[in-house]
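Secondary and tertiary structure notes
Listed below are the residues making up each chain.
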Amino acid sequence: LGRMKPVIVVHGGAGRIFKEREEGCRAGVVRAALRGYGVLKQGGSAVDAVEEAVQSMEDDPHFNAGCGSVLNEKGEVEMDAIIMDGKNLDSGAVSAVKCIANPIKLARLVMEKTKHMLLTDHGAQLFAQAMGIPEIPGEKLITERSRERWKKNLEPDSNPEEFQKDLGTVGAVAVDSEGNVACATSTGGLSNKLIGRVGDTACIGSGGYADNHSGATSTTGHGESIMKVVLARLILYHMEQGMSPEVAADTALDYMKTRVGGLGGVIVVNKAGEWAARFSTKQMSWATVKDDNLHYGIYAGEKHIKSVDEALASERE
C-alpha cells in the first residue's frame, strides 16, 4: 500500500468573529491543527488526530465548545459532540452533556466502549462516570463573555438571533498515512437555546460524516438548517459524484442557503488528501496542515501559509 501524506483541517466555527477575538481564534485553530498534525506525523490514526485537535479547541475559551460554551435559557452549559471513523463508519456522539471538560473524549468512548452511537443528558453523564471521566463544576466551563451574552439576550428588547451569528462550533477532519479518514465536531450550541435543544453537531450526517470511500467533513453554522439538508452527508454525496472538495462544499452550502436560508461553513478532505475550508457566513476560522505547510485564515479569500517548523517555533515562544 502506498503511504498517504497525512492531512488535517480544523475549523473554529462559522459566523461573525469580533475584531478583538480574531487573534485568539487564529491562534486557536493553528494550535489545534499543529497538534492534530503532530499525532499524524507520529503515525497516529485520523481518529486520534481529530480528537486531539478538537480537544485543543474545547480547552480554548475563544470557542463555543467545552470551556467557553454559550449558555442555554437557564444559564447552563449543554454541549454536543460527535466523532466518526471512516474505516468502518463507526461513530459516537453525546448530546446535552454538562459538567465535563471534553465532550469529544466522551463521544469517542461511546464509539469504542458501547454498541450505541448517541448518548444523551443523564445517560451520558452516568456513562462518563462509569468511564472514570472527572466531573467538573458547570461554572468552570462558563466564561465572563458567555455570561454577559446570556444576560444581554435575556433583555426584553434583545435579539438572540443577532448573537447567534457568532457561533464557534469547532471541528476537525483528517486523512492519516494509512489512508483512513475521520471527523470530529463539538459545540456548546446556540446562545439562550431552549433546555434540551440539540442541534446538528450530535447528528451523524449533519454535524459530520466520514467514509474512506469518499472523504470526511465537519460542519458549523445554523444547526437547524444544517439538519434540514443533512449537510455533511450531502457534501460527500457530491464528492461521490466526482466533485472536488471545494466544489462539493460550495454546492452544498449554496443549496442550504437557497433552499432553507441557512448559513454555515464546512471543512472537507477527500480520500486523495485534497482539502477545502468553505463558508457562506462572513467569517470562519480555519487551519490546515499538509506537506509540512500550515495554511490558515478567517475571512473569505484570506490564506496565510507558513512552514510547520516556523509555526511550531512561534508556538513555543
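Read on for an overview of the structure. (Residues numbered from 1 in each chain as written. Predicted model: local features only at pLDDT ≥ 70, side-chain atom pairs only at ≥ 80, totals over all residues. Heavy atoms only, no water.)

Things to note about the sheet that holds strand β9 (residues 264-270)
Reading across the sheet, the four strands line up as β7-β8-β9-β10 and stay open at both edges, with antiparallel pairing between neighbours. Each end of this open sheet is capped by a strand with a single partner; those strands are β7 (208-211) and β10 (275-279). Averaged over all pairs of adjacent strands, the angle between strand axes in this sheet comes to 10°, irrespective of strand direction. Bridging between β9 and β10 involves five bridges; their strand directions are antiparallel. When the sheet's bridge partners are listed, Gly265 is paired in β10 with Phe279. (Pairing = 2+ DSSP bridges. Helix = DSSP H or I, 4+ residues; strand = E, 2+ residues; numbered from the N terminus. Axes fitted to C-alpha atoms, helices over the stretch in contact; angles between N-to-C directions.)

As for the pattern of salt bridges
Under the defined criterion, the tally for this structure stands at 20 salt bridges. As a salt-bridge pair, Glu178 and Arg3 come within 2.8 Å of each other at their nearest N and O atoms. Remark: Arg3 occurs in the segment before β1 (7-15) and Glu178 occurs in the loop between β5 (170-175) and β6 (181-187); sequence separation between them is 175 residues. Judged by relative accessible area, which is 59%, Arg3 ranks as exposed. Salt-bridge contacts for Glu302 lead to Arg26; the nearest nitrogen and oxygen are separated by 2.9 Å. Of this pair, Glu302 sits in the loop between β12 (293-299) and β13 (304-307) while Arg26 sits in helix α1 (residues 22-41); the two residues are 276 residues apart in sequence, bridging distant segments of the chain. Judged by its relative accessible area of 15%, Glu302 is buried. A network of salt bridges, in which partner residues are shared, links Lys19, Glu22, Glu23, Arg26 and Glu302. (Salt bridge = Lys/Arg side-chain N within 4 Å of Asp/Glu carboxyl O. Buried < 20%, exposed > 50% of the residue type's maximum accessible area, 1.4 Å probe, protein only.)

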